[in-house]
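Letter by letter, the chains look like this.
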Amino acid sequence: MSTDLRRPPARGVEWEFEKLIIARDYSRNVVTKMLVERAEHGGWELDRVRVAPDGTRRVVLRRKIIRMRPTF
């Protein structure tokens, strides 16, 4: 599991991306539970899923980067 740095901002929003490669050994229910856990506790949302011919899943998750403006 690795985290990409950032894609260029689109319309004022910056996103952080995380790529996951999930082996074919995991059932759909297990993968669903794992992704729901990341969404609920990490703020991630599903960006893309690709299933390879060998059954591995390549998942890209994203979450917004919220910048705090300094107050003076």
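Scroll up to find the structure this text is about.
All of these numbers come straight from a predicted model, not from anything done at the bench.

Draft legend 1. Focus on the pattern of salt bridges. Going through the model one piece at a time under the given rule, you end up with 4 salt bridges. Among the ionic pairs, R38 bridges to E18, the shortest N-O distance being 3.0 Å. A residue pair is termed long-range when its members are at least 10 positions apart, and R38 in helix 1 (residues 28-42) and E18 in strand 2 (residues 14-22) qualify at 20 residues. In this structure, the salt-bridge partner of E45 is R62, at a minimum N-O distance of 2.8 Å. On the criterion of sequence distance, the pair formed by E45 in strand 3 (residues 45-51) and R62 in strand 4 (residues 57-65) is long-range, its members being 17 residues apart. Judged by its relative accessible area of 35%, E45 is partly exposed. Among the residues examined, R62 registers a relative accessible area of 24% and is labelled partly exposed.

Draft legend 2. The packing of aromatic side chains, seen in detail. Taken as a whole, this structure holds 0 aromatic pairs when the rule is applied. Sitting over the ring of W15, R62 keeps its end group 4.0 Å from the ring centre.

Draft legend 3. Looking closely at the environment of D54. Here D54 is to be found in the loop between strand 3 and strand 4. Distance from D54 to A23, taken between C-alpha atoms, is 9.3 Å for residues 31 residues apart in sequence. For D54, the side chain forms a polar contact with the side chain of T56, separated by 3.0 Å.

Draft legend 4. Region of interest: the side chain of R57. In this fold, R57 is placed in strand 4. In this structure the side chain of R57 is engaged in a polar contact, spanning 3.3 Å, whose partner is the backbone oxygen of Y26.

Draft legend 5. How the structure looks around the pairing of strand 3. Sheet analysis places strand 3 next to strand 4, joined by 6 bridges and oriented antiparallel. Looking at the pairing, E45 lines up with R62 of strand 4. Taking the residues that link successive antiparallel strands as the turn, the strand 3-strand 4 hairpin has 5 residues, and the phi of G55 there is positive, at about 100°.

Draft legend 6. Inspection of the nonpolar core at higher detail. Within the largest apolar cluster, 7 residues are counted, these being L20, I22, V31, L35, W44, V59 and L61. Counting only elements with at least two residues in this core, the list comes to strand 2, helix 1 and strand 4. Apart from residues lying up to four places away in sequence, V31 is in contact with I22, Y26 and R57.

Parameters at a glance
- Residues numbered from 1 in each chain as written.
- Predicted model: local features only at pLDDT ≥ 70, side-chain atom pairs only at ≥ 80, totals over all residues.
- Heavy atoms only, no water.
- Salt bridge = Lys/Arg side-chain N within 4 Å of Asp/Glu carboxyl O.
- Helix = DSSP H or I, 4+ residues; strand = E, 2+ residues; numbered from the N terminus.
- Buried < 20%, exposed > 50% of the residue type's maximum accessible area, 1.4 Å probe, protein only.
- Phe/Tyr/Trp six-rings, centres within 6.5 Å; stacked < 30°, edge-to-face > 60°.
- Lys NZ or Arg CZ within 6 Å of the ring centre and 35° of its normal.
- Polar contact = N/O pair within 3.5 Å; in protein donor to acceptor, adjacent residues only side chain to side chain.
- Pairing = 2+ DSSP bridges.
- Core = buried A, V, L, I, M, F, W, Y, C linked by side-chain atoms within 4.5 Å.
- Contact = heavy atoms within 4.5 Å.

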